[in-house]
Amino acid sequence: MHGTQALAEIIRELLAQQHLGVLATNADGAPHPSLVGFKALEDMRGLLFVTGRATRKFGNLKRDNRASMLIDNRSHRAADFRLAMALTAQGRVKEIDTKTNMAMMAVYIERFPHLEEFARSPGCALMSLQVERYSLVRRFQDVVELIF
């Protein structure tokens, strides 16, 4: 398997296994991290998440749509230094119009059926991090990138 294709498969598997990520937004020049439930789109170029419109992260994203999301598979054991992977997705976030694009909400709800009421509430927005670059760290210092 070609190197880029193998890297894409590792990233795809990590995105499929993990359901939570830490979204970092820009809060007036300082990073603002938030835990979010995400769903990667099939082509891995979009990471869907929902957030309340009254949240700090939503306000931050309206002012500056640049963001990154950290996704990892650590187990909180010493072996993590050898075995864990941390993936950073960088890009820009846009709100998905769920009135014209109900399929995206269905994709999100399929992964998080217990969040359906919250996700469909008028005070929430379906967002997509449009990934421009993935950086994967393995074996403590082995860093590789996938750029779209």
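Residues numbered from 1 in each chain as written. Predicted model: local features only at pLDDT ≥ 70, side-chain atom pairs only at ≥ 80, totals over all residues. Heavy atoms only, no water.

With that settled, consider the overall build of the protein chain. Helix and strand counts for the protein chain come out as five helices and eight strands. In the protein chain, the succession of α and β elements from N to C terminus is α-β-β-β-β-α-β-α-β-α-α-β-β. Expressed as a percentage of contacts within the protein chain between residues at least 6 apart in sequence, the contacts between residues at least 24 apart total 66%. As displayed, the protein chain offers around 8,600 Å² of accessible surface, 53% of which is attributable to carbon and sulfur atoms. Separation between the mean location of the 20 positive side-chain charges and that of the 16 negative ones in the protein chain comes to 3 Å. (Helix = DSSP H or I, 4+ residues; strand = E, 2+ residues; numbered from the N terminus. Contact = heavy atoms within 4.5 Å. Areas by Shrake-Rupley, 256 points an atom, 1.4 Å probe, with all protein chains shown as cover. Lys, Arg positive; Asp, Glu negative; His and termini not counted. Charge placed at Lys NZ, Arg CZ, Asp CG, Glu CD.)

We now examine the nonpolar core. The biggest cluster of nonpolar side chains holds 28 residues, and the ones touching the most others in it are Ile-11, Leu-15, Leu-47, Phe-49, Met-69, Leu-129 and Tyr-134. Among the elements of the structure, α1 (3-17), β4 (46-52), α2 (56-63), β5 (66-72), β6 (85-96) and β7 (124-138) are those that each provide at least two residues to this core. When residues of this core are assigned to their parent elements, the largest contribution, six residues, is made by β7. Not counting the four nearest positions on each side in its chain, Tyr-134 is found in contact with Ile-11, Leu-15, Met-44, Leu-47, Leu-87, Thr-88, Ala-89, Val-144, Glu-145, Leu-146 and Phe-148. Counting eleven residues, the second largest nonpolar core, distinct from the first, contains Leu-48, Ile-96, Met-104 and Tyr-108. (Core = buried A, V, L, I, M, F, W, Y, C linked by side-chain atoms within 4.5 Å. Buried < 20%, exposed > 50% of the residue type's maximum accessible area, 1.4 Å probe, protein only.)

So, about the pairing of strand β8 (residues 142-147). Where β7 and β8 come together, six bridges link them in antiparallel fashion. Counterpart to Arg-138 in the pairing with β8 is Asp-142. Joining the antiparallel neighbours β7 and β8 is a turn of three residues, in which Arg-139 adopts a positive phi near 45°. (Pairing = 2+ DSSP bridges.)

As a further point, take the UniProt feature "domain: Pyridoxamine 5'-phosphate oxidase N-terminal" (unreviewed entry) in the protein chain. UniProt's entry tags residues 9-136 with the feature "domain: Pyridoxamine 5'-phosphate oxidase N-terminal" (unreviewed entry), counted in the numbering of this structure. Its end C-alpha atoms 12 Å apart, residues 9-136 is made of 28% helix and 45% strand. (UniProt positions renumbered as here; feature names shortened; annotations may be inferred.)

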